[in-house]
Amino acid sequence: QVQLVESGGGLVQTGGSLRLSCATSRVITSIYVMGWYRQTPGNQREWVATVVNGGARNYADSVKDRFAISKGNAENKMYLQMNSLEPEDTGVYYCKETYRCRDFWGQGTQVTVSS
């Protein structure tokens, strides 16, 4: 069982920045697949970004060039740096880790961008 805990959400004005963190209970050695998802009001949960071992990163078109996903080198943490935030980015952000063909989710952290 893998437990994930997100933090770093909050209220920010349009154009501002936030950095989300996701701590995993698993001791990550080499192989990992981790990502961020969000659920905006009235919509289904959607994929935001993914990072895998080796450093490959992928982003949804809506956040490309504004968000950056990273995995801490010496920590069991993943981050999502969010810049140039827009009201449309408001929602609950979840981290996910895929381990041994199972998906594990955090409880989510609220991000609110005011106009």
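You'll find the structure just up there.
Summarised in this report is the structure supplied together with it. Values in this document were obtained by computation on a predicted structure and should not be read as measured data. Per chain, the residues get numbers from 1 upward, laid out in the order the sequence is written. For a predicted model such as this one, the threshold for reporting local features is a pLDDT of at least 70, and the threshold for listing and counting side-chain atom pairs is 80 or more; totals across whole chains, interfaces and linings nevertheless cover every residue. With hydrogens and water stripped out, all remaining heavy atoms of the structure feed into the side-chain values.

With that settled, consider the environment of Ser62. Secondary-structure assignment places Ser62 in the loop between β6 (57-59) and β7 (67-71). Judged by its relative accessible area of 44%, Ser62 is partly exposed. As for Ser62 and Thr90, which are separated by 28 residues in sequence, their C-alpha atoms are 13 Å apart. Polar contact is the term for a pair of N or O atoms within 3.5 Å; when the atoms are in protein, one must be able to donate a hydrogen and the other to accept it, and sequence-neighboring residues count only if both atoms are side-chain atoms. For Ser62, the side chain forms a polar contact with the side chain of Arg38, separated by 3.5 Å. Segments assigned H or I by DSSP are reported as helices when at least four residues long, segments assigned E as strands when at least two residues long, and all are numbered from the N terminus. Burial classes: relative accessible area under 20% of the type maximum marks a residue as buried, over 50% as exposed, and values in between as partly exposed (1.4 Å probe, protein chains only).

A few words on the packing of aromatic side chains. The aromatic pairing rule takes the rings of Phe, Tyr and Trp, using the six-membered ring of Trp, and pairs them if the centres are within 6.5 Å, calling planes under 30 degrees apart stacked, those over 60 edge-to-face and the rest tilted. Under the definition given, this model contains 1 aromatic pair. Ring plane angle 65° and centroid distance 4.9 Å describe the contact between Tyr37 and Trp105, whose orientation is recorded as edge-to-face. A residue pair is termed long-range when its members are at least 10 positions apart, and Tyr37 in strand β4 (residues 33-39) and Trp105 in strand β10 (residues 102-105) qualify at 68 residues. Any Lys NZ or Arg CZ that is within 6 Å of a ring centre and within 35 degrees of that ring's normal is treated as a charge sitting over the ring. Sitting above the plane of the Tyr94 ring, Arg45 keeps its charged end 3.7 Å from the centroid. The residue whose ring lies beneath Arg45 is Trp105, and the NZ or CZ to ring-centre distance is 4.6 Å.

For this document, the term salt bridge refers to a Lys or Arg side-chain nitrogen within 4 Å of an Asp or Glu carboxyl oxygen. Across all of its chains, the model carries 6 salt bridges by this definition. A salt bridge links Glu97 to Arg26; the nearest nitrogen and oxygen atoms lie 2.7 Å apart. Of the two residues, Glu97 is situated in strand β9 (residues 91-99) and Arg26 in the loop between β3 (18-24) and β4; the sequence distance between them amounts to 71 residues. An identical accessibility class is assigned to Glu97 and Arg26; each is buried. Taking the shortest distance from any N to any O, the salt bridge between Arg38 and Glu46 comes out at 2.7 Å. In this structure Glu46 comes out as partly exposed when scored by relative accessible area, which is 30%.

Bringing the nonpolar core into the picture now. Buried Ala, Val, Leu, Ile, Met, Phe, Trp, Tyr and Cys residues that are joined via side-chain atoms within 4.5 Å together make up what is termed a nonpolar core. Counting 27 residues, the largest nonpolar core has Trp36, Leu80, Met82 and Tyr93 as its most contacted members. Only β3, β4, β5 (46-52), β7, β8 (77-82), β9 and β11 (109-114) provide two or more residues apiece to this core.

Side chains Phe67, Ile69 and Lys71 of β7 all project onto a buried face; the interleaved residues Ala68 and Ser70 project onto a face where none is buried. Pairing of β7 with β8, which is carried by 5 bridges, proceeds in the antiparallel orientation. Bridge pairing in β8 links Ile69 to Leu80. For two strands to count as paired, DSSP must find a minimum of two bridges between them.

Further remarks concern the state of the cysteines. Pairs of cysteine sulfur atoms within 2.5 Å are what we label disulfides. Inspection of the entire model under this criterion finds 1 disulfide. Between Cys101, a free cysteine, and Cys95, which holds the nearest cysteine sulfur, the sulfur-to-sulfur gap is 19 Å. Taking the relative accessible area as the measure of exposure, Cys101 reaches 83% and is therefore exposed.

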